[in-house]
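Observations on the model geometry
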Amino acid sequence: MAQAKSSPAKDKRIRVLLVDDHAVVRFGIGQLVNREPDLQVCGEEEDASEALTAINNLKPDLVIADISLKDSSGLELMRNIKAQYPKLPILVVSAHDESIYAEIAFRAGALGYLMKEEALERVVTAIRRVLSGAIYVSDTLAAKMLQRQVRGQTDINQSPVKSLSDREMEVFQLIGRWKKTREIAEELHLSIKTIEYYREQIKRKLDLKSAGELTHYATSWVQRERPG
């Protein structure tokens, strides 16, 4: 009687999808993830649409994503993930200032926010925190958030950009990447009139008088936030 063939053991490692438009960043994080015996990188993507397709095909247990992606918005990706895969945890690893973007990312659906300059030391800790269902932020940001919550204090010297809403921040960031109004509308799936309205709101809040001033301010901001 022929002996029944045993099925191969199922890989029980936690599957991580990396979404970043810099290959060197994906490589570095991937090396750290794959060193852990219970973690593995199951895929890598550089823009939002490809990431959503990969999530559907690869069924990751965690997504690590940047705020800015190739020709797309990481924040919009997070909103789509939470709408389509509400139980899938997201960890943001980004060069963007956490004091500006972390809370926006959390509202978009992220559970953790890690600055790229700290990723080599903290990414595995952040991954495990987020997988447990807890929030991950740096100690510095956690202290600031707690102080603001307990005392209701705001920093009078904080950047006026902090006054922008989440959508306004996205539009502002895309303006800083030299995107035209029509391109921004297409990327965020909004009407041109809506983007024009956001542009006017941004100018008002930042006390800018013209479209040229807005473009210059936004471009300078993006260059500071994302060196190289």
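Details of the structure are given in the entry above.
These numbers come from a predicted model, not from an experiment.

The rules behind these values
- Residues numbered from 1 in each chain as written.
- Predicted model: local features only at pLDDT ≥ 70, side-chain atom pairs only at ≥ 80, totals over all residues.
- Heavy atoms only, no water.
- Pairing = 2+ DSSP bridges.
- Helix = DSSP H or I, 4+ residues; strand = E, 2+ residues; numbered from the N terminus.
- Right-handed = clockwise from strand over helix to strand, strands pointing away.
- Axes fitted to C-alpha atoms, helices over the stretch in contact; angles between N-to-C directions.
- Contact = heavy atoms within 4.5 Å.
- Phe/Tyr/Trp six-rings, centres within 6.5 Å; stacked < 30°, edge-to-face > 60°.
- Buried < 20%, exposed > 50% of the residue type's maximum accessible area, 1.4 Å probe, protein only.
- Salt bridge = Lys/Arg side-chain N within 4 Å of Asp/Glu carboxyl O.
- Arc of directions from axis to C-beta.

1. Thoughts on the pairing of strand β1 (residues 14–19)
- As paired elements, β1 and strand β2 (residues 39–45) share six bridges and run parallel to each other. Within the sheet, the bridge partner assigned to Val 16 lies in β2 and is Val 41.
- Between β1 and its parallel partner β2, the chain crosses via helix α1 (residues 23–35), and the hand of that crossover is right-handed.
- Here β1 runs beside strand β3 (residues 62–65); their pairing, made up of four bridges, is parallel.

2. Some words on the sheet that holds β1
- A sheet is described by the order of its strands in space; here five strands give the open sequence β2-β1-β3-β6-β7, paired in parallel fashion. Every other strand in the sheet has two partners, leaving β2 and β7 (112–115) as the edge strands with one partner each. Going across the sheet, the axis of each strand differs from the next one's by a mean of 25°, ignoring polarity.
- Sheet topology note: the β3/strand β6 (residues 90–94) ladder contains three bridges and is parallel. In the strand pairing of β6, Val 63 is matched with Ile 90.
- Sitting on the sheet, helix α3 (residues 74–84) is in contact with β1, β3 and β6, with an inclination near 170° to β6.

3. Observations concerning the packing of aromatic side chains
- One pass over the structure, following the stated rule, counts two aromatic pairs.
- Judged by centre distance (5.9 Å) and plane angle (55°), the ring pair of Tyr 197 and Tyr 198 falls under tilted.

4. Thoughts on the environment of Ile 67
- Structurally, Ile 67 is set in the loop between β3 and β4 (68–69).
- Judged by relative accessible area, Ile 67 falls into the buried class, the value being 1%.
- Along the chain, Ile 67 and Val 19 lie 48 residues apart, while their C-alpha atoms are 9.7 Å from each other.
- For Ile 67, the residues in contact, after removing those within four places along its chain, are Ser 73, Gly 74, Leu 75, Met 78, Val 92, Ser 94, His 96, Tyr 101, Ala 105, Tyr 113 and Gln 173.

5. Quick look at the environment of Ile 14
- Here Ile 14 shows up in strand β1.
- Accessibility expressed as a relative area gives 23% for Ile 14, which makes it partly exposed.
- A C-alpha to C-alpha distance of 9.4 Å links Ile 14 and Pro 37, two positions 23 residues apart in sequence.
- With residues up to four places along the chain from it excluded, the contact list for Ile 14 reads Asp 38, Leu 39, Gln 40, Asp 61 and Leu 131.

6. With respect to the pattern of salt bridges
- The tally for this structure, following the rule as stated, stands at 14 salt bridges.
- With its nearest N and O atoms 3.0 Å apart, the salt bridge here joins Glu 36 to Arg 128. Taken together, the residues span a long stretch of sequence, with Glu 36 in the loop between α1 and β2 and Arg 128 in helix α5 (residues 119–131) at a distance of 92 residues.
- Residue classification places Glu 36 among the partly exposed residues on the basis of a relative accessible area of 24%.
- The class for Arg 128 is partly exposed, based on a relative accessible area of 33%.
- When the shortest N-O distance is used, the salt bridge between Arg 167 and Glu 76 registers 3.0 Å. In this pair, Arg 167 is assigned in helix α7 (residues 166–176) and Glu 76 in helix α3, connecting sequence segments 91 residues apart.

7. Re helix α8 (residues 181–188)
- Where α8 is concerned, the buried positions are Thr 181, Ile 184, Ala 185, Glu 187 and Leu 188. All buried residues of α8 fall inside an arc of 165° around its axis, so they share one side. Summarising the geometry of α8, the exposed residues directed more than 90 degrees from the buried face are Arg 182 and Glu 186.
- Of the surrounding secondary structure, the elements contacted by the buried residues of α8 are β5 (72–73), α3, α7 and α9 (192–206).
- Looking one or two residues beyond α8, the residue adopting positive phi is His 189, at roughly 60°.

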